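# A look at the structure
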Amino acid sequence: MNAIDVALLCKALGDTNRLQIVQMLADGEKCACKLLEAFEITQPTLSHHMKILCESGLVDVRREGKWNHYSLNCETFVAFQQFLGSLTCCKDEGKCNCK
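Residues numbered from 1 in each chain as written. Predicted model: local features only at pLDDT ≥ 70, side-chain atom pairs only at ≥ 80, totals over all residues. Heavy atoms only, no water.

This paragraph deals with helix α1 (residues 3-13). Among the residues making up α1, those that are buried are V6, L9, A12 and L13. Viewed end-on, α1 has its buried residues packed into an arc of 125°, placing them on one side of the element. Turned more than 90 degrees off the buried face of α1, the exposed positions are A3, I4 and K11. Elements that come into contact with the buried residues of α1 comprise α2 (16-25), α4 (43-55) and α5 (74-86). By the N-cap criterion, in which a side-chain oxygen at the helix start approaches the backbone nitrogen of a residue two or three places on, α1 is capped by N2, the distance to I4 being 3.0 Å. (Buried < 20%, exposed > 50% of the residue type's maximum accessible area, 1.4 Å probe, protein only. Helix = DSSP H or I, 4+ residues; strand = E, 2+ residues; numbered from the N terminus. Arc of directions from axis to C-beta. Contact = heavy atoms within 4.5 Å. Polar contact = N/O pair within 3.5 Å; in protein donor to acceptor, adjacent residues only side chain to side chain.)

What follows is about the pairing of strand β3 (residues 67-72). Here two bridges tie strand β1 (residues 30-31) to β3, and the two strands are oriented antiparallel to one another. Note on β3: the bridge partner recorded for K30 is Y70. Of the strand pairs in this sheet, strand β2 (residues 59-64) and β3 are connected by six bridges, and their pairing is antiparallel. When the bridges of β3 are listed, D60 appears paired with S71. (Pairing = 2+ DSSP bridges.)

Shown next as structure tokens:
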């Protein structure tokens, strides 16, 4: 995962509504109507949030009739987790005091 991809993901997750949406999607695919019920936002606002999450690559969309169904993109999610896991605050972990 390159720096541009990571920056897009961080930007996408930098909004509390989008972070909560990702938490909801961690339980599995959700219809936009179910996401909308969980928030006090309008449908256009939800669409804006979902567009950002989809463009970041973190969320996939599946259209069924007039409804959109959203799910986490596991490949992107795992790559982001691995990137975060590779970060450390110390060069020499044996002498690290941040644990």
